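Inside the fold
What follows is the residue order along each chain.
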Amino acid sequence: MFGSTGFGGSSFMGSNVVTAPTNHNPMKDFEVVSPPDESISCLEFSPASIPQNFLIAGSWDNHVRCWEIDQTGKSIPKSQETMQGPVLDVAWSDDGSKVFMAGCDKMAKCWDLNSNQSIQVAAHDAPIKTCHWIKSHNYSCLMTGSWDKTLKFWDLRQQSPILTINLPERCYCADVEYPVAVVSTASRHLLVYQLENTPSEAKRIESPLKYQHRCVSIFKDKKGMPTGFALGSIEGRVAIQYITPSNPKDNFTFKCHRSNGTNQQYQDIYAVNDIKFHPVHGTLATAGSDGRFSFWDKDSRTKLKTSEQMEQSITACCFNRDGQIFAYAVSYDWSKGHEFNNPQKKNYIFLHSCYEEMKPRQKS
Amino acid sequence: MGRKKKKPSKPWCWYCNRDFDDEKILLQHQKAKHFKCHICHKKLYTGPGLSIHCMQVHKETLDRVPNSLPNRGNIEIEIYGMEGIPESDIRDHEAQKQAGRITTAAGADSSDEEGGSSAKRVKTAQPAGQESTGPSIPSLGSMPITPMLASPFMGMGPMNPYLGHLSIPMMGSVPQMPLPGGAASSPQTPSKPLFASSSSPSSSNSASKPAFAAYSSGGAAATIVGESTVPKKSGVIATQAGSSKIMHPEEDLSLEELRARLPRYQRNSVPTSMPQMSVASPQNTTVGPVSTVSSGQMGLPMSHLPAGMMIPMPMAHMALPPHMQMGMGPMGLLRAPHMHPGMPGGFAPYGAPLGFPMMPPRFR
């Protein structure tokens, strides 16, 4: 049976029973060493301002880990920081010297990597779901979105937020590409903010999706200006939405992360856990609760590739600064409730070489 | 375009109720989805045609049209584009369009090809489906609005009165946005009915001061407020629809919220207000799972750094001498000299619990 699995995945089971893949690394990607013991909630590579590649991962085990990834794909654990509750989001400062982390302990911390010290920089009334660093010409701040239905902006030197914006519902996901921020909340609210001078709401968009929003990522036009975003829901669907479309038909949605297409009666629909855009090609990657990741070209509206299936869902993904490496985390996302949480199952972070695969398709 | 095309009414597919921009696309859709033989993939022209083909060529009887709604699967009715649709169904369809039905979503919507890799370069009508056409926008808006309104009020009620104050006017203005007939208003939405954009930051600002003061005056209040923002009675997601199932728990909470409810992730009853140097309850052994890690050093209460509290005194907890490798045994954890008086408990060097080799953290 060696050839049959297509990947030469050695299923030594000797029977024809098709069960979950026994191969934990079906894409034969580089495996990051010392992964977290609990699910990985967020992954971020260091920005272009520093030459090396550092990968940060936040986990439900309360830790934020940092590895250096070298040219050969080898990962070297560097250090680790701890929160008082599960970590839900991490972010890098623009100069790559600090890492921000936020989570269920309702705080956000700033970890200075050079001095290896951390301080609290934000507080909310409920877990903080998103944190993003904003760098503008006249100000810099940390934006935190929380389940307490507020969006707060923090100057790291002050203990009170410099701005608080009320959200209609709990913040579920957000993204920042200066001068635009997009925030989505429970009940499928979608808010766009402009960040020049001082953040203010620019518009609210009616959701193009019918189910709970889960992840959002802003994309830019050819000139590098943020022009729209990709929004993923729990219903295996992604919407590509332009903030001000020149033509309403520019906006569209596509289905993804579903099992067994149309010729079968029964279809399983999985959540889209994360979406990220390639920093060079502008194509996008989606990470699914079904344990696969896919690459897409939104301009030619085609799928570039779908991965093999991992042993657990893919909970987070990110590209490194030059778009050579696609990192994705395989861990349980709770999509089947707590009964299916298996603490014995190992969590993984893989590094996939993606530059060629993510090149856009020529328009036919 | 097509002959006898009725401009006012958009072509729609009788088998699956989808709308299309023009009849040509509708026909392509029908041929690909409803009149395609599942055995040899030959595209026929009509339902009866397909049935005859299957009988003659494959000796197989077909009893329903592939990918059709339950009540529209009759293979004997001859439909070609918009022709052949029974009067009563036309009337039904018009009526439904007025009433603004929520479209059949996951189940019948199997006609989208994933990612749209079709060489035909089908125009946006296909992927956009019903979502972007005029008539269905109000339906999208009106349905979810009502539950939306209900829950924020529920959530706001017991909460911080100051925040509640601010939110009520906002909530009141929400329904203006996506109402039917206001479908046209979505382009107008930029801040007009909701926020005069210039005043919104200031109004949020002024409200945030009392809000902040209110909760920071009592740590306990802050926690209670935090818990009640997640509505106790959450809605339900329709995860099962026809022949497909969304792999998501039925409660309309995000996966992270569901997971965070577990007691093991909640041991963070730490007052979150930053100005206070309150002693964080050190018993917050948030790291239950970590303690099971094989390095077996967990005799200690792993009180994770209430470093958060210390804005004026950045915790030097991380600046541990490099020789403090893992496998140092439990003693590795207690580096008393680094502990500030009043700092509760021992603290975990970040590398320790997870066998994370501690490289000297040098980032430059």
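Residues numbered from 1 in each chain as written. Chains lettered and ligands numbered in written order. Predicted model: local features only at pLDDT ≥ 70, side-chain atom pairs only at ≥ 80, totals over all residues. Heavy atoms only, no water.

When helices and strands are tallied, chain A shows 0 helices and 29 strands. Per-residue burial for chain A yields a buried fraction of 68% across its 364 residues. Taking the intrachain contacts of chain A between residues at least 6 apart in sequence as the baseline, contacts between residues at least 24 apart amount to 45%. Surface accessibility of chain A: about 12100 Å² in total, with carbon and sulfur atoms responsible for 49%. (Helix = DSSP H or I, 4+ residues; strand = E, 2+ residues; numbered from the N terminus. Buried < 20%, exposed > 50% of the residue type's maximum accessible area, 1.4 Å probe, protein only. Contact = heavy atoms within 4.5 Å. Areas by Shrake-Rupley, 256 points an atom, 1.4 Å probe, with all protein chains shown as cover.)

Turning to unusual backbone geometry, a few remarks are in order. Residue and element names in this part refer to chain A. Note the cis peptide between Tyr 178 and Pro 179, where omega equals 5°. Turning to its location among the elements, Pro 179 is positioned in the loop between strand 14 (171-177) and strand 15 (180-185). Even without being a glycine, Lys 106 presents a positive backbone phi close to 65°. You can call Lys 106 buried: its relative accessible area is 7%.

Turning our eyes to something else, we now look at the UniProt feature "repeat: WD" (unreviewed entry) in chain A. Those residues carrying the UniProt feature "repeat: WD" (unreviewed entry) are residues 80-121, 121-164 and 272-306 of chain A in this numbering. The span residues 272-306 of chain A carries 0% helix and 60% strand; its end-to-end C-alpha distance comes to 14 Å. (UniProt positions renumbered as here; feature names shortened; annotations may be inferred.)

Moving on to the sheet that holds strand 25 (residues 293-297) of chain A. Residues and elements named next belong to chain A. Spatial ordering of the open sheet is given by 23-24-25-26, a layout of 4 strands whose pairing is antiparallel. Among the strands making up the open sheet, the edge pair consists of strand 23 (272-277) and strand 26 (302-306). The average undirected angle you get between the axes of adjacent strands in this sheet is 25°. (Pairing = 2+ DSSP bridges. Axes fitted to C-alpha atoms, helices over the stretch in contact; angles between N-to-C directions.)

Turning our eyes to something else, we now look at the packing of aromatic side chains. Residues and elements named next belong to chain A. In the structure shown here, the tally under the stated rule is 17 aromatic pairs over all chains. Residues Phe 219 and Tyr 242 carry aromatic rings whose centres are separated by 5.2 Å and whose planes lie at 80° to one another, so their mutual orientation is edge-to-face. Of this pair, Phe 219 sits in strand 18 (residues 213-220) while Tyr 242 is found in strand 20 (residues 237-242), placing the two residues 23 residues apart along the sequence. In terms of burial, Phe 219 and Tyr 242 fall into one category: buried. A ring pair is formed by Phe 293 and Phe 326, whose centres lie 5.0 Å apart and whose planes are at 55°; its orientation type is tilted. Of the two residues, Phe 293 sits in strand 25 while Phe 326 sits in strand 28 (residues 325-330), which places them 33 residues apart along the sequence. One aromatic cluster is present, formed by Phe 293, Phe 295, Phe 319, Phe 326, Tyr 328, Tyr 348 and Phe 350 through successive ring pairs. (Phe/Tyr/Trp six-rings, centres within 6.5 Å; stacked < 30°, edge-to-face > 60°.)

Moving on to the confidence of the model for chain B. Residue and element names in this part refer to chain B. Across chain B, the average pLDDT comes to 56, with 33% of residues at 70 or higher. Mean pLDDT in chain B bottoms out at helix 9 (residues 219-228), which sits at 37, and peaks at helix 10 (residues 255-260), which reaches 95. Across residues 101-231, confidence stays below pLDDT 50; counting only partners more than four residues off in sequence or on other chains, it has 213 contacts. Between residues 275-364, whose pLDDT stays under 50, and residues either more than four places distant or in other chains, the model counts 190 contacts. This complex was scored by the predictor with a pTM of 0.59 and an ipTM of 0.90. (pLDDT = per-residue confidence, 0-100.)

Moving on, we come to helix 1 (residues 23-33) of chain B. Residues and elements named next belong to chain B. Counting buried residues in helix 1 gives 8 out of 11 residues, a clear majority hidden from the surface. Regarding helix 1, the residues found buried are Glu 23, Ile 25, Leu 26, Leu 27, His 29, Gln 30, Ala 32 and Lys 33. Taking the backbone nitrogen of Lys 24 as reference, a side-chain oxygen 3.0 Å away marks Asp 22 as the first, capping residue of helix 1. (Polar contact = N/O pair within 3.5 Å; in protein donor to acceptor, adjacent residues only side chain to side chain.)

Let us now look at the pairing of strand 7 (residues 98-103) of chain A. All names here are of chain A. The element strand 7 is extensively covered by neighbouring structure, given that 5 of its 6 residues are classed as buried. Pairing of strand 6 (residues 87-92) with strand 7 involves 5 bridges; the strand directions are antiparallel. Note that in strand 7 the partner of Val 90 across the bridge is Met 101. Connecting strand 6 to the antiparallel partner strand 7 that follows it, the hairpin turn spans 5 residues, and Gly 96 within it adopts a positive phi of roughly 70°. Two strands pair when backbone bridges link them, and strand 7 and strand 8 (residues 107-112) are joined in this way by 5 bridges, in the antiparallel orientation.

Turning to the sheet that holds strand 4 (residues 63-69) of chain A, a few remarks are in order. Residue and element names in this part refer to chain A. With antiparallel pairing, 4 strands are arranged side by side in an open sheet as 2-3-4-5. Two strands lie at the open edges of the sheet, namely strand 2 (40-45) and strand 5 (75-82), each paired on one side alone. Neighbouring strand axes in the sheet, compared pairwise and without regard to direction, differ in orientation by 20° on average. As defined by bridge partners, strand 2 adjoins strand 3 (residues 53-59) across 5 bridges and the pair is classed as antiparallel. Bridging across to strand 3, Cys 42 finds its partner in Gly 58.

Our focus in this paragraph is the confidence of the model for chain A. In the predicted model, chain A carries a mean pLDDT of 92, and the fraction of residues at 70 or more is 92%. Confidence over residues 1-17 of chain A falls short of pLDDT 50; this stretch has 13 contacts with residues more than four positions distant or in other chains.

Bringing the pattern of salt bridges into the picture now. Scanning the entire structure with this criterion turns up 24 salt bridges over all chains. The shortest N-O distance in the salt bridge between Arg264(B) and Glu38(A) comes to 2.9 Å. Taken together, the residues Arg264(B) in the segment after helix 10 and Glu38(A) in the loop between strand 1 (30-31) and strand 2 connect one chain to another. Classification of Glu38(A) as buried rests on a relative accessible area of 6%. Residue Asp155(A) is joined to Arg157(A) by a salt bridge in which the shortest nitrogen-to-oxygen separation is 2.7 Å. For Asp155(A), a relative accessible area of 10% puts it in the buried group. A cluster of three or more residues bridged by salt bridges with shared partners is formed by Glu38(A), Arg259(B) and Arg264(B). (Salt bridge = Lys/Arg side-chain N within 4 Å of Asp/Glu carboxyl O.)

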